[in-house]
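# Breakdown of the fold
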Amino acid sequence: MAVRENLQYFLNEIPRGVTLVAVSKTKPVSDIMEAYQCGQRIFGENKVQELISKQPQLPEDIEWHLIGHLQTNKVKYIAPFVSLIESVDSLKLLKEINKQGAKINRTINCLLQFHIANESTKFGLDFQEAAGLLSSAEFTSMNYITICGVMGMATFTEDEEVVRGEFARLKTIFENLKNEFFQGVDSFKEISMGMSGDFRIAIEEGSTMVRIGSSIFGDRIY
Ligand SMILES: *Cc1c(COP(=O)(O)O)cnc(C)c1O
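Residues numbered from 1 in each chain as written. Predicted model: local features only at pLDDT ≥ 70, side-chain atom pairs only at ≥ 80, totals over all residues. Heavy atoms only, no water.

## Let's talk about the side chain of E50
Quick reminder of the rule: The numbering of helices and of strands both runs from the N terminus, where a helix is a DSSP run of H or I of at least 4 residues and a strand a run of E of at least 2. Here the term buried applies to any residue with accessible area under 20% of the maximum for its type, exposed to any over 50%, and partly exposed to those in between, with areas from a 1.4 Å probe on protein chains only. Side-chain atoms alone can form a polar contact between residues adjacent in sequence; in general such a contact is a pair of N or O atoms within 3.5 Å, and within protein one must be able to donate a hydrogen while the other accepts it. By definition, residues are in contact when any of their heavy atoms lie within 4.5 Å.
Position of E50 relative to the elements: it lies in helix 3 (residues 48-54). Taking relative accessible area as the criterion, E50 reaches 18% and is therefore assigned buried. A polar atom in the side chain of E50 sits 2.5 Å from the backbone nitrogen of T26. Among residues more than four places away in sequence, those in contact with E50 are S24, K25, T26, K27 and E45.

Next up, the structure:
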């Protein structure tokens with residue numbers, strides 16, 4: 001198990017100011033613990049069931065990010081502890097997160113996920129949908145939500161220019177949202193983009209948060 005070496009590699013490789021989310025989906029708590037012992041504190045999971053089974057077995061100061069599609073009926077299970085929900089893709093979901101936050105008096109950090117890839121399978125908003133959501137009266141009255149930025153996944157392709165173009169588009173979306181809806185709002189600052197295969201390009205295009213799984217923990221076996 002080379003988790004320590006892999007983590008060290010990434011910590012050397014990514015610039016200061018870029019947050020490393022160690023994506024531990026499908027991996028055992030022992031692997032997460034190994035990364036934790038190297039100082040890693042931020043972990044990403046894409047399934048609620050898996051997240052809520054691992055979280056109680058691991059140290060309390062881990063910051064858990066939910067990075068996969070979230071169904072409204074599952075928000076209540078993660079609301080008490082989740083550090084960042086990276087995959088908000090509808091007003092309906094945001095309403096439920098706000099409702100669950102209100103119940104326990106906890107403000108929940110969220111990223112808006114954008115559909116930037118040319119693959120139809122990937123979830124996410126487009127700019128118009130996000131603008132509609134952010135200007136709605138319903139959103140404006142939500143007191144238990146902090147929108148911390150945007151997230152996106154590029155097309156899975158060898159073509160670097162396609163990937164680069166998609167990341168550049170997410171950066172532009174971020175800037176436009178910042179100008180229109182979050183001027184002077186310091187908490188709106190994250191651009192979560194870049195995975196094992198494309199994190200270098202993502203960083204060149206302005207990523208502030210990379211989500212790295214297989215390059216830290218090894219290939220996933222499903
Ligand atoms: C699995 C996953 C990652 C990490 O992917 P790797 O290629 O293993 O680094 C990043 N983001 C999301 C949303 C994921 O589901």
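## A look at the nonpolar core
Quick reminder of the rule: Nonpolar core, defined: a set of buried Ala, Val, Leu, Ile, Met, Phe, Trp, Tyr and Cys residues in which side-chain atoms within 4.5 Å join the residues together.
Residues L94, I97 and F114 are the most contacted members of the largest nonpolar core, which totals 63 residues. The contact partners of L94, leaving out residues within four places of it in the chain, are V88, C110, L133, F139, M142, I145 and I147. If you look at the next biggest cluster of nonpolar residues, it comprises seven residues, including L84, L111, C148 and M209.

## Brief notes about the site of the ligand
Applicable threshold: Any residue with at least one heavy atom within 4 Å of a molecule or strand is counted as near it. Method for areas: the Shrake-Rupley scheme with a 1.4 Å probe, in which residue coverage is limited to the protein chains shown.
Around the ligand, a shell composed of V23, K25, I67, M153, M195, S196, R211, I212, G213, S214 and R220 is seen. In the model, a nitrogen atom of the ligand is placed 2.8 Å from a nitrogen or oxygen of the R211 side chain. A distance of 2.8 Å separates an oxygen atom of the ligand from a polar atom in the backbone of G213. Considered on its own, the ligand offers 390 Å² of accessible surface; in the complex 90% of this is hidden by protein.

## Looking at the pattern of salt bridges
Formally: Salt bridges are identified by distance alone: a Lys or Arg side-chain nitrogen within 4 Å of an Asp or Glu carboxyl oxygen.
If you walk through the whole model with that rule in mind, you get 11 salt bridges. Measuring nitrogen to oxygen at the nearest pair gives 2.8 Å for the salt bridge that ties E50 to K54. Of this pair, E50 and K54 both sit in helix 3, four residues apart, roughly one helical turn.

## Thoughts on the pairing of strand 5 (residues 108-114)
The condition is simple: Between any two strands, at least two bridges found by DSSP are needed for them to pair. Think of it like this: strands point away, you trace from the first strand over the helix to the second, and a clockwise trace means the crossover is right-handed.
The element strand 5 is largely enclosed, with a buried count of six among its seven residues. Note: strand 4 (residues 84-88) against strand 5, two bridges, orientation parallel. Its bridge partner being in strand 5, I85 is matched across the sheet by C110. In terms of handedness, the path from strand 4 via helix 5 (residues 91-104) over to strand 5 forms a crossover that is right-handed. Strand direction decides the pairing type here: strand 5 and strand 6 (residues 145-152), joined by seven bridges, are parallel. Its bridge partner lying in strand 6, F114 is registered against G152.

## Topic: the packing of helix 1 (residues 3-13) against helix 2 (residues 29-37)
Our working definition: Only C-alpha atoms enter the line fits that serve as axes; for helices the fit covers just the stretch in contact. Angles between N-to-C directions range over 0 to 180 degrees. Orientation labels follow simple angle bins: below 35 degrees gives roughly parallel, above 145 gives roughly antiparallel, 65 to 115 gives roughly perpendicular, and whatever is left gives oblique. For a crossing to be left-handed, the near helix must be turned anticlockwise from the far one by less than a right angle; the clockwise case is right-handed. Following the grouping adopted for this structure description, the nonpolar residues are Ala, Val, Leu, Ile, Met, Phe, Trp, Tyr, Cys and Pro, the charged ones are Asp, Glu, Lys and Arg, and the polar ones are all others, Gly among them.
One can describe the packing of helix 1 onto helix 2 by two numbers: an axis separation of 9 Å at closest approach and a directional angle of 50°. With respect to helix 2, the element helix 1 is oriented oblique. The two elements helix 1 and helix 2 meet at a crossing, and its hand is right-handed. Packed against helix 1, whose contacting residues are V3, R4 and L7, the element helix 2 presents D31, E34, A35 and Q37 at the interface. A breakdown of the residues in the contact of helix 1 with helix 2 according to their chemical character gives three nonpolar, one polar and three charged.

## Observations regarding unusual backbone geometry
With a phi angle near 70°, T26 is a residue other than glycine that sits in the positive phi range. Along the chain, T26 turns up in the loop between strand 1 (19-23) and helix 2. The class of T26 is partly exposed, set by a relative accessible area of 31%. The phi dihedral of N105 is positive, around 55°, even though this residue is not glycine. Structurally, the position occupied by N105 is in the loop between helix 5 and strand 5.

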